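# A closer look at the structure
If you want the building blocks of each chain, they are given just below.
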Amino acid sequence: MTEIELRERLAKNLIYYRKRAGLTQAALAERIAYTDKSVSKWERGEGVPDSYVLSQLCRQLNVSADRLLFGEPPKRLPPTRRMQLLIGLISVGLVFLIATVTFFVLGLCLPESEVLYLCFIVAIPVSAVVAIVFSCLWWGPIAQGLSVTALIWSLAACINIAFTAPNLEYAYLIAGVMQILTILWFILIGNRKNRNL
């Protein structure tokens, strides 16, 4: 690889990883105690940072030096935080759309039924499962913990509302124990990550 090719590769990768991190040139420059003109110069392929600055860039952008210098940048950027939130909300909205269509169809087929509202009750834990999936893909442990919490308590509520058996309120006791286990699990995961840093 020639010096020109190296500068061009670094420029493309720097732009990609900076945008992936949601940083402007000025914000990245501030984090590494440089000027935004320097970052702009590197992104135009007109220069290469020294090894110390390169290590700072790698740390701020959460990428290895090898990948930043020699890797092929992915063809498209991952979705922004706003786009991730929008995709998550649309997915939850689709769950409730399916619940509404199911309610409508069952209402036509079974007009005398008094339990059609359960379509919407069941949609709540299904939405929590969707939130768990997206929180594991894109969001941090707080969102994951809240999504799991929503699933636990909405399942307990579904059981209590949907069935007519004695002592179904004990489902909330099970949910309470599961909630404590969930909290302990996230504490354990957090401690393991802190040890690895």
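In this numbering scheme, every chain counts its residues from 1 along its sequence in written order. pLDDT decides what is reported in this predicted model: residues at 70 or higher carry local features, side-chain atom pairs at 80 or more are listed and counted, and totals for whole chains, interfaces and linings draw on all residues regardless. In computing side-chain values, all of the structure's heavy atoms are included and hydrogens and water are not.

## Considering helix α1 (residues 3-20)
Let me state the cut-off plainly: Helix and strand definitions follow DSSP, with helices as H or I runs of at least four residues and strands as E runs of at least two, each counted in order from the N terminus. One less than the number of residues in a helix, times 1.5 Å, gives the span that helix is expected to have. Relative accessibility decides the category of a residue: with a 1.4 Å probe and only protein chains considered, values under 20% of the type maximum give buried, values over 50% give exposed, and everything between is partly exposed. Should any heavy atoms of two residues lie within 4.5 Å, those residues are considered in contact.
Helix length check: α1, at 18 residues, gives a terminal C-alpha distance of 25 Å against a target of 26 Å (1.5 Å per residue), a fit within 8%. The set of residues buried in α1 consists of Arg-7, Arg-9, Leu-10, Ala-11, Asn-13, Leu-14, Tyr-16, Tyr-17 and Arg-18. On its buried side, α1 packs onto α2 (25-31), α3 (36-43), α4 (51-61) and α5 (65-70). Gly-22 lies just past α1 and shows a positive phi near 75°.

## Things to note about the packing of aromatic side chains
Short version of the rule: Pairing of aromatic side chains here covers Phe, Tyr and the six-membered ring of Trp, requires ring centres within 6.5 Å, and sorts the geometry by plane angle: under 30 degrees stacked, over 60 edge-to-face, intermediate tilted.
Overall, the coordinates contain 6 aromatic pairs when judged by the stated rule. Ring centres of Tyr-34 and Trp-42 lie 5.6 Å apart, and the angle between their planes is 45°; this geometry places the pair in the tilted category. Every member of this aromatic cluster is reached through a ring pair, and the members are Phe-134, Trp-138 and Trp-139.

## Things to note about the packing of helix α6 (residues 81-109) against helix α7 (residues 118-137)
In helix packing, the relevant descriptors are the interaxial angle and the interaxial distance, both defined with respect to the helix axes. Note the threshold: Note on geometry: axes are lines fitted to C-alpha atoms, helical ones only across the stretch in contact, with angles between N-to-C directions running from 0 to 180 degrees. Angle categories are assigned with fixed cut-offs, so that under 35 degrees is roughly parallel, over 145 is roughly antiparallel, 65 to 115 is roughly perpendicular, and the rest are oblique. Handedness of a crossing follows from how the near helix is turned relative to the far one, being left-handed for an anticlockwise turn of less than a right angle and right-handed for a clockwise one. For this scheme, ten residues count as nonpolar: Ala, Val, Leu, Ile, Met, Phe, Trp, Tyr, Cys and Pro. Four count as charged, namely Asp, Glu, Lys and Arg, and the remainder, Gly too, count as polar.
Their axes nearest at 9 Å, the elements α6 and α7 cross at an angle of 155°. In terms of orientation, α6 lies roughly antiparallel with respect to α7. Seen from above, α6 lies across α7 with right-handed handedness. Contacts between α6 and α7 involve Ile-87, Gly-88, Ser-91, Val-92, Val-95, Phe-96, Ala-99, Thr-100, Thr-102, Phe-103 and Leu-106 from the first element and Cys-119, Phe-120, Ala-123, Ile-124, Val-126, Ser-127, Val-130 and Phe-134 from the second. Of the residues contributing to the contact of α6 with α7, the split by class is 14 nonpolar, 5 polar and no charged.

## Side note on unusual backbone geometry
Backbone geometry at Ala-33 places phi at a positive 60°, although glycine is not the residue there. For Ala-33, the position within the fold is in the loop between α2 and α3. Of note, Asn-62 is a non-glycine position whose phi angle comes to about 55°, a positive value. The topology assignment puts Asn-62 in the loop between α4 and α5.

## Topic: α7
Along an α-helix, a turn takes 3.6 residues, which lines up residues three or four apart on a common side. Using the following cut-off: Each residue is assigned a bend, namely the angle between axes fitted to the seven residues that terminate at it and the seven residues that start at it.
In this model, α7 (20 residues) spans 29 Å end to end at C-alpha, consistent with the 28 Å of a helix rising 1.5 Å per residue. Taking the largest bend as the criterion, α7 deviates by roughly 25°, centred on Ile-124, and proline Pro-125 comes between one and four positions later. Of all the positions in α7, only Leu-118, Cys-119, Ile-121, Ala-123, Pro-125, Ser-127, Ala-128, Val-130, Ile-132, Phe-134 and Ser-135 are classed as buried. At its buried positions, α7 is contacted by α6 and α8 (141-162).

## Considering the environment of Thr-24
Rules: Two N or O atoms form a polar contact when they lie within 3.5 Å of each other; inside protein one atom must be a possible hydrogen donor and the other a possible acceptor, and for residues adjacent in sequence the pair counts only when both atoms belong to side chains.
Structurally, Thr-24 is set in the loop between α1 and α2. Spatially, the C-alpha atom of Thr-24 lies 9.7 Å from that of Val-39, the residues being 15 residues apart in sequence. There is a polar contact of 3.0 Å between the side chain of Thr-24 and the backbone nitrogen of Ala-27.

## Considering the nonpolar core
Stated precisely, the cut-off is as follows: To form a nonpolar core, buried Ala, Val, Leu, Ile, Met, Phe, Trp, Tyr and Cys residues must be joined to one another through side-chain atoms within 4.5 Å.
Counting 18 residues, the largest nonpolar core has Leu-14, Tyr-17, Leu-28, Trp-42, Leu-57, Leu-61 and Leu-68 as its most contacted members. When residues of this core are traced back to their parent elements, those giving at least two are α1, α2, α3, α4 and α5. Among the elements that make up this core, the one with the highest residue count is α4 (5 residues). Not counting the four nearest positions on each side in its chain, Leu-61 is found in contact with Leu-14, Tyr-17, Arg-18, Arg-20, Ala-21, Leu-23 and Leu-28. Listed in part, the 5 residues of the second largest apolar core include Val-95, Ala-99, Ala-123 and Phe-134.

## Considerations on the packing of α1 against α3
Where α1 contacts α3, the two axes come as close as 7 Å, and the packing angle between them is 125°. Relative to α3, the element α1 is oriented oblique. Between α1 and α3, the residues in contact are Ala-11, Leu-14, Ile-15 and Arg-18 and Val-39, Trp-42 and Glu-43, respectively. Per-class residue counts for the contact of α1 with α3 are 5 nonpolar, no polar and 2 charged.

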